[in-house]
Amino acid sequence: MAAAADTAAPLNPLGFDRAGLEAMFAAWGEKPFRARQLMQWLYQRGVHDFDAMTDMSKALRTRLAAQCRIELPEVLSEQHSSDGTVKWLLNMGASQGIETVYIPEPGRATLCISSQVGCALDCAFCATAQQGFNRNLTCAEIIGQVWLARERLAATGREITNVVFMGMGEPLANYRAVVPAARLLIDDFGFGLSRRRVTISTSGLVPQMHRLADDCNVALAVSLHAPTDDLRDALVPINRVHPVAELLDACWRYAERQASRQITFEYVMLDGVNDSPALARELVRLLAGRPAKVNLIPFNAFPGTHYRRSSEAAMLRFQDELNRRGLRTTIRRTRGGDIDAACGQLAGRVADRTRHRLGERLRVAAP
Ligand code: SAH
């Protein structure tokens, strides 16, 4: 990312990956290793106070304190589900809010973070889409979610083992901020998570998927939701720009560059819409023999939606069709439903700034 220039406005160090911090220090006439030192203080020791960074000279600490400020989002509310899930609403200014969710499970604990205030992609079954789009988050606002959650959870001895970009927003539509944030998550001097434990979920922005493989090769989840273009056009409007065949081609190319890694395909189970055994067989046709696993997500309702969750029987039948043909398939357990923290329920606080949501544009453009 671009070098942090000397400016009057304080710089937030959480907004720079290692290369960005190195550029900031270079502009100050300092050696690159200063970036690693600063990152260790910030991310490994959780220290905010520059004066406490005792392996830096007094002069450098003074300069950091004068020119940088660690700013974290303000927590507006913290809700606890009976299943241990925690949801935070964070203030993004101008009456906007985003949500971050912590999901503890046996053997791991996942933080689900947001990448945008709202979303422009207009997927038919998603609560965030109903809110419209306001703005992209900065890298510091994305990393700030992880910092805040970690700090609050540490008080009760809870750790974050995985981070998923599955909160509000389309991460690959905010590529400039999401890539440095993902780099900080996997950097040994940053949060130090393995690449397999950081997942970017996309509705299918093909050009950015190609770039991501080179820029930050983390795990990839793709919101497929339908095996045919007709159905996917209706559910995930970006499909009209990047249809299924093109999307899958990008997936296999991404997987190739990851040496033995799989792409996770998310498939929300909508009663009577995409849950028939015939569609399961179509899905098998697309994915069998490929480095793919399927995650079936029970649809989570939200006010105003006309979709319903598939029955338990329909979900099991669908899963069975896939399993029988050798496709690894899991059904995602719904977590945090009692606090509206489940997949697709995150609404935050978004004032739609655009009448140009993708679905609307495409509807207008359709003959
Ligand atoms: N924009 C990204 C990430 C956000 S959503 C993406 O589309 O992948 C994370 C997952 O939750 C996606 O697979 C999304 O399709 C799914 N989802 C959205 N609304 C849902 C709902 N109401 N119930 C269940 N899953 C939903």
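Data block above holds the structure.
Treat the numbers as computed from the prediction; the structure is a model and nothing was measured.

Moving on, we come to the site of the ligand. Neighbouring the ligand are 22 residues; Phe125, Ser201, Ser223, His225 and Asn300 lie closest to it. Here Gly169 contributes a backbone N or O atom positioned 3.0 Å from a nitrogen atom of the ligand. One of the side-chain nitrogen or oxygen atoms of Glu266 is found 3.2 Å away from an oxygen atom of the ligand. With the chains in place, 95% of the 530 Å² that the ligand exposes on its own is no longer accessible. Of all the secondary-structure elements, those providing two or more residues to the shell around the ligand are β8 (198-202), β10 (263-269) and β11 (292-298). Grouping the constituent residues of the shell around the ligand by class yields eleven nonpolar, nine polar and two charged.

What follows concerns the environment of Ala149. Within the secondary structure, Ala149 sits in helix α5 (residues 139-154). Residue Ala149 is classed as buried on the basis of its relative accessible area of 1%. Sequence-wise, Ala149 and Pro277 are 128 residues apart; in three dimensions their C-alpha atoms are separated by 41 Å.

What follows deals with the pairing of strand β2 (residues 86-91). Within β2, five of the six residues are buried, which leaves it mostly tucked inside the rest of the structure. Where strand β1 (residues 74-80) meets β2, six bridges bridge the pair, whose relative direction is antiparallel. Looking at β2, one finds that Gln79 is bridged to Lys87. The antiparallel hairpin formed by β1 and β2 contains five residues in its connecting segment, where Gly84 sits at a positive phi of about 95 degrees. Pairing of β2 with strand β3 (residues 97-105), which is carried by six bridges, proceeds in the antiparallel orientation. Across the sheet, residue Val86 finds its bridge partner in β3, namely Tyr102.

Each value, and the rule that gives it
- Residues numbered from 1 in each chain as written.
- Predicted model: local features only at pLDDT ≥ 70, side-chain atom pairs only at ≥ 80, totals over all residues.
- Heavy atoms only, no water.
- Near = heavy atom within 4 Å.
- Polar contact = N/O pair within 3.5 Å; in protein donor to acceptor, adjacent residues only side chain to side chain.
- Areas by Shrake-Rupley, 256 points an atom, 1.4 Å probe, with all protein chains shown as cover.
- Helix = DSSP H or I, 4+ residues; strand = E, 2+ residues; numbered from the N terminus.
- Nonpolar A, V, L, I, M, F, W, Y, C, P; charged D, E, K, R; others polar.
- Buried < 20%, exposed > 50% of the residue type's maximum accessible area, 1.4 Å probe, protein only.
- Pairing = 2+ DSSP bridges.

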